[in-house]
Amino acid sequence: MRMRTIELGVGAFILAGFLALMVLMINVSGLSLSSNDEGYKIYARFENIGGLTVRSKVTISGVAVGKVTDISIDPDAIKALVEMEIEPKYDYLTLDSSASILTAGLLGEKYIGITVGADEEMMAEGDEIEDTQSALVLEELIGKFLFNKVSE
Amino acid sequence: MIDQLQALGFTGMNKLAALGRSLIMLFHSICAVPNPRVGIPLLVKQLHFVGVLSLIIIVVSGLFIGMVLSLQGYTILVDYGSEQAVGQMVALSLVRELSPVVAGLLFAGRAGSALTAEIGLMKATEQLSSMEMIGVDPLRRIVAPRFWAGFISLPLLTMIFSVVGVWGALLVGVDWLGIYEGSFWANMQAAVDFRTDVLNGIIKAIVFGFIVTWIAVFQGYDCIPTSEGISQATTKTVVYSSLAILGMDFLLTALMFGDL
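Predicted, not measured: the structure shown is a model, and the values here were computed from it.

With 18 residues of chain A in contact, the opposing surface of chain B contributes 23 residues. Along the lines of polarity and charge, the residues of the side of chain A that touches chain B split into 13 nonpolar, four polar and one charged.

In spatial order, the strands read 7-1-4-3-2-6-5-8 (chain A); together these eight strands make up an open sheet with mixed pairing. The open sheet has two edge strands with one neighbour each: strand 7 (128-129) and strand 8 (131-133) of chain A.

Residues and elements named next belong to chain B. For the pair helix 4 (residues 86-124) and helix 7 (residues 181-191), interaxial distance at closest approach is 7 Å and the crossing angle is 45°. On the basis of the axis angle, helix 4 is oblique to helix 7. The interaxial crossing formed by helix 4 with helix 7 has right-handed handedness. Residue-level contacts link Val86, Gly87, Gln88, Ala91 and Leu92 of helix 4 to Phe184, Trp185, Asn187, Met188 and Ala191 of helix 7. Its residues placed into classes, the contact of helix 4 with helix 7 shows seven nonpolar, three polar and no charged.

Of all hydrophobic cores here, the largest spans 71 residues; its most connected members are Ile160, Val212 and Val217 of chain B. When contributions to this core are tallied by element, the ones reaching two or more residues are helix 1 (2-28) of chain A together with helix 2 (36-50), helix 3 (55-77), helix 4, helix 6 (138-176), helix 7 and helix 8 (194-221) of chain B. Once residues lying within four places of it in the same chain are set aside, the contact partners of Val217 of chain B are Leu115, Ile119, Val143, Arg146 and Phe147 of chain B. With 21 residues, the next largest nonpolar core counts Ala44, Val82, Ala99 and Ile101 of chain A among its residues.

For the α-helix, the turn length of 3.6 residues means that residues three or four positions removed from each other point alike. Buried residues of helix 7 of chain B: Phe184, Trp185, Asn187 and Met188 of chain B, and no others. For helix 7 of chain B, the arc enclosing every buried residue in end-on projection is 165°, short of the 170-degree limit, so these residues lie on one face. As for helix 7 of chain B, its buried residues are in contact with helix 1 of chain A together with helix 4 and helix 6 of chain B.

A regular strand carries its side chains on alternate faces of the sheet. Residue and element names in this part refer to chain A. As defined by bridge partners, strand 2 (residues 57-60) adjoins strand 6 (residues 110-115) across three bridges and the pair is classed as parallel. The residue bridging Thr59 from the neighbouring strand is Gly113, located in strand 6. Pairing analysis gives six bridges linking strand 5 (residues 98-103) to strand 6, with the strands arranged antiparallel. By the bridge assignment for strand 6, Ser98 is matched with Thr115.

So, about the confidence of the model for chain B. Residue and element names in this part refer to chain B. Averaged over every residue, the pLDDT of chain B is 88; the share at 70 or more is 98%. Of all helices and strands in chain B, the one with the weakest mean pLDDT is helix 7 (80), whereas helix 3 scores best (93). Here the predicted complex carries an ipTM of 0.74, next to a pTM of 0.74.

Let us look at unusual backbone geometry. The phi dihedral of Ile78 of chain A is positive, around 50°, even though this residue is not glycine. By the element assignment, Ile78 of chain A lies in the loop between strand 3 (63-74) and strand 4 (79-86). Backbone geometry at Glu126 of chain B places phi at a positive 60°, although glycine is not the residue there. Mapping Glu126 of chain B onto the fold places it in the loop between helix 4 and helix 5 (127-133).

Residues and elements named next belong to chain B. Axis separation between helix 1 (residues 2-31) and helix 6 bottoms out at 9 Å; the angle between their running directions is 90°. By the angle class used here, helix 1 and helix 6 are roughly perpendicular. For the pair helix 1 and helix 6, contact is made by Met25, His28 and Ser29 and by Leu139, Val143, Ala144 and Phe147, respectively. Across the contact of helix 1 with helix 6, the residue classes tally to five nonpolar, two polar and no charged.

With three bridges joining them, strand 5 of chain A and strand 8 of chain A adopt parallel strand pairing. Bridge pairing links Ser100 of chain A to Gln133 of chain A in strand 8 of chain A.

What counts, and where the lines are drawn
Residues numbered from 1 in each chain as written. Chains lettered and ligands numbered in written order. Predicted model: local features only at pLDDT ≥ 70, side-chain atom pairs only at ≥ 80, totals over all residues. Contact = placed C-beta atoms within 7 Å. Nonpolar A, V, L, I, M, F, W, Y, C, P; charged D, E, K, R; others polar. Pairing = 2+ DSSP bridges. Helix = DSSP H or I, 4+ residues; strand = E, 2+ residues; numbered from the N terminus. Axes fitted to C-alpha atoms, helices over the stretch in contact; angles between N-to-C directions. Parallel < 35°, antiparallel > 145°, perpendicular 65-115°, else oblique. Left-handed = near helix turned anticlockwise from the far one by under 90°. Core = buried A, V, L, I, M, F, W, Y, C linked by C-beta atoms within 7 Å. Buried ≥ 20, exposed ≤ 12 C-beta atoms within 10 Å, placed from the backbone. Arc of directions from axis to C-beta. pLDDT = per-residue confidence, 0-100.

Listed below in structure tokens is the structure:
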């Protein structure tokens, strides 16, 4: 009888440990078990990406539809080449969509906002957003402001 | 001068011999394949002692550490209007560092010292040598189950510690201080990555569990069989394993997150 309570306790302990692992996986790290279906990748070239990082979110009208998967320099154009992965259910990005790098709040993280255009054709794997707008870099903004003040 | 040099050599050789003995003991107790009919009940009993009975202290300290992190983070971050980042801060610091380290330290104090004292007393009362007399390998019967129990328990305890800590942070931050719950979770989930953060935390816990139980079991097995020797061995267990945890934590962090 004594052994039985010990075994019950140990079983509950191991179960609690694995439940904790599940909570860490799903709630804390936000790993969803169903999102194994890969999204499609699209590209965009930016003059300046500011503080954009891999894993930053990609949004349409503020709703997250994907994430940044890779950032590199395009050696031909000497521009930042951003690779984004869009979830497959958001398949209504038109070819003339535009992408801009936005900031959450005044000093918050950078993310990509996509504005959908009016084209008939939709983006597919490997397509590129032509119309892009760079990140707003605070120093440049202040520099422009000062320059304007001086020239007045 | 010569005497001091000799003393240094003597101490060095003693330490080296102890390290060698502990490696031999580790090797024998890991390689001892027990009869599952005998071994599993022994392991279950040790899991109960080492794991289940440590749950209370782990849960309580995890809760308070999560709560205090949340409170401190809030008072600082609210000045910058970014109190939603509390979730991210608490989860990252718990999962990466605090859970494995604090759970390991508590485990060394709660379970490691008890293991040392138990095995040391068995040695002092010559239970270990009488076991050898009747043909039972004490490494297989006594040391191996305790070793495996510690090795299995600490990662589980660490995960429970993290979850309870996050829950404590949620309690203080969201329910008492009024952080918006949606952004609390969203920031946390955006910042914590399963592979780099959670899995590396678990790897740390596995390493710490290995080190703590190894030190505890060896100190007990190798102690001087007197009451003074047992007390020394117990102290050594707690001191050595705490230092080993903190040192290894820096090393592991540097390897995992530091791009060294």
